Amino acid sequence: MDFSQFDVRKYPTVSVQEGYREWAQTYEETVLDAMDLRLLSHIQTIAWEQIQQAADLACGTGRIGVWLKHRGVSCLDGVDLTAEMVEVARARGVYRQLLIGNILETSLEPGHYDLVTLVLADEHLPELHPLYTEVARITQPGGYFVIVGYHPYFLMHGIPTHFDRSTGESVTIQCYVHLFSEHVQAALAAGWSLHEMHEGLIDEEWIARKPHWSRYLNRPISFAMVWQKEK
């Protein structure tokens, strides 16, 4: 579903590439670790230090790449649509290779990775089937797909993925709402089975960092799913 039918803030809307190009230099000042890294730390299925080949799709500034490398992932490749975000990621020095391109049609080697990640990006995709199909293409049998996303609850309550320009103007990056049933249907059709799911809530730690979010206390802000490809 297109986000526009839920939009209550009516910020100007820009494309994914345009939005993240502008947001690249201030992105990490905005996104809290509680949004995604905390959920990753809750995952029990995956022994991170045993992962030999990983692909970080929509790798952005490389936050997830750094987290994965610190937990022992051996080799890591990244793909992102936006050159400005990739340059920030490149400076971190944790990726074997970084590619600029569409995460739904990557040039990554088929059946090569034992782990693929996608963090805070699925809300920008009109459809989920191409995502789960492409990840299945590049993942080896028995490999894992970890997806961390912006919770549809917040999107359906009118709060988009957005950032503030240097002028102070708030801008929405084009979003779509995907129900969890859509994830399940797309994943099952591509040969995945679900092993774990977690949901992140706005808690007191979050409010301490962003007091103006206090009215959302205990609301779900993000989610994580761990899928395994059929052997």
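For the structure itself, consult the block above.
Keep in mind it's a predicted model, so treat the numbers as computed, not measured.

S.K.: I keep staring at the packing of helix α3 (residues 33–42) against helix α4 (residues 63–70) and nothing clicks. Help me out?
M.R.: Packed helices, taken two at a time, are described by their axes: the angle between them and the distance between them. Where α3 contacts α4, the axes come no closer than 11 Å and their chain directions differ by 25°. Compared by their axis directions, α3 and α4 come out roughly parallel. Remark: the crossing between α3 and α4 carries right-handed chirality. Taken together, the residues of α4 that come into contact with α3 (itself represented by Asp33, Asp36, Leu37, Leu40 and Ser41) are Arg63, Ile64 and Trp67. A class-by-class count of the residues in the contact of α3 with α4 yields 4 nonpolar, 1 polar and 3 charged.

S.K.: It is not clear to me how helix α1 (residues 16–23) should be interpreted in this structure. Could you clarify?
M.R.: Helical geometry: 3.6 residues make up each α-helical turn, so side chains three or four residues apart lie on a common side. Taken residue by residue, α1 has Gly19, Tyr20 and Trp23 as its buried positions. Along the axis of α1, the buried residues cluster in a sector spanning 90°; they form a single face. Check the buried side of α1 and you find it contacts β1 (13–14), α2 (27–30), α5 (83–90), β7 (162–164) and β8 (170–173).

S.K.: I'm lost on unusual backbone geometry in this one. Help?
M.R.: Of all residues except glycine, most have a negative phi; of all peptide bonds, most are trans. The backbone of Lys10 shows a phi angle near 55°, a positive value even though the residue is not glycine. Non-glycine residue Ala58 carries a positive phi angle of around 55°. Here Ala58 is to be found in the loop between β2 (53–57) and α4.

S.K.: What is the right way to read the packing of aromatic side chains from this model?
M.R.: Ring pairs (aromatic) are described by centroid distance and by the angle formed between their planes. Enumeration over the complete set of coordinates arrives at 15 aromatic pairs. Ring centres 5.2 Å apart and planes at 65° place the aromatic pair Phe154 and Tyr216 in the edge-to-face group. Here Tyr216 lies in the loop between α9 (204–209) and β10 (220–229) and Phe154 lies in helix α7 (residues 152–156), a separation of 62 residues in the sequence. According to the relative accessible area criterion, Tyr216 is buried, its value standing at 16%. A network of ring pairs unites the aromatic residues Tyr150, Tyr153, Phe154, Trp206, Trp213 and Tyr216 as a single cluster.

Conventions we followed
Numbering of residues starts from 1 in every chain and runs along the sequence as written. Totals for whole chains, interfaces and linings use every residue, but because this is a predicted model, local features are given only for residues with pLDDT of at least 70 and side-chain atom pairs only at 80 or more, for both listing and counting. Calculation of side-chain values draws on the structure's entire complement of heavy atoms; hydrogens and water are dropped beforehand. Interaxial angles span 0 to 180 degrees and are taken between N-to-C directions of axes, which are lines fitted to C-alpha atoms, for helices over the stretch in contact. Under the scheme used here, helices are H or I runs from DSSP no shorter than 4 residues and strands are E runs no shorter than 2 residues, and both carry numbers assigned from the N terminus. Here is the rule for angles: anything less than 35 degrees is roughly parallel, anything more than 145 is roughly antiparallel, 65 through 115 is roughly perpendicular, and the remaining ranges are oblique. It is the rotation of the near helix from the far one that decides the hand of a crossing: anticlockwise by less than a right angle makes it left-handed, clockwise makes it right-handed. Should any heavy atoms of two residues lie within 4.5 Å, those residues are counted as being in contact. All residues other than Ala, Val, Leu, Ile, Met, Phe, Trp, Tyr, Cys, Pro, Asp, Glu, Lys and Arg, Gly among them, are scored as polar; the first ten of these are nonpolar and the last four charged. Buried means the residue's accessible area, taken with a 1.4 Å probe over protein chains only, is under 20% of the maximum for its type, while exposed means over 50%, and partly exposed covers the values in between. By definition, the arc is the one covered by directions from the helix axis to the C-beta atoms. Whether two aromatic rings pair depends on their centres lying within 6.5 Å, for rings of Phe, Tyr and Trp, where Trp uses its six-membered ring; planes under 30 degrees apart make the pair stacked, over 60 edge-to-face, and the rest tilted.

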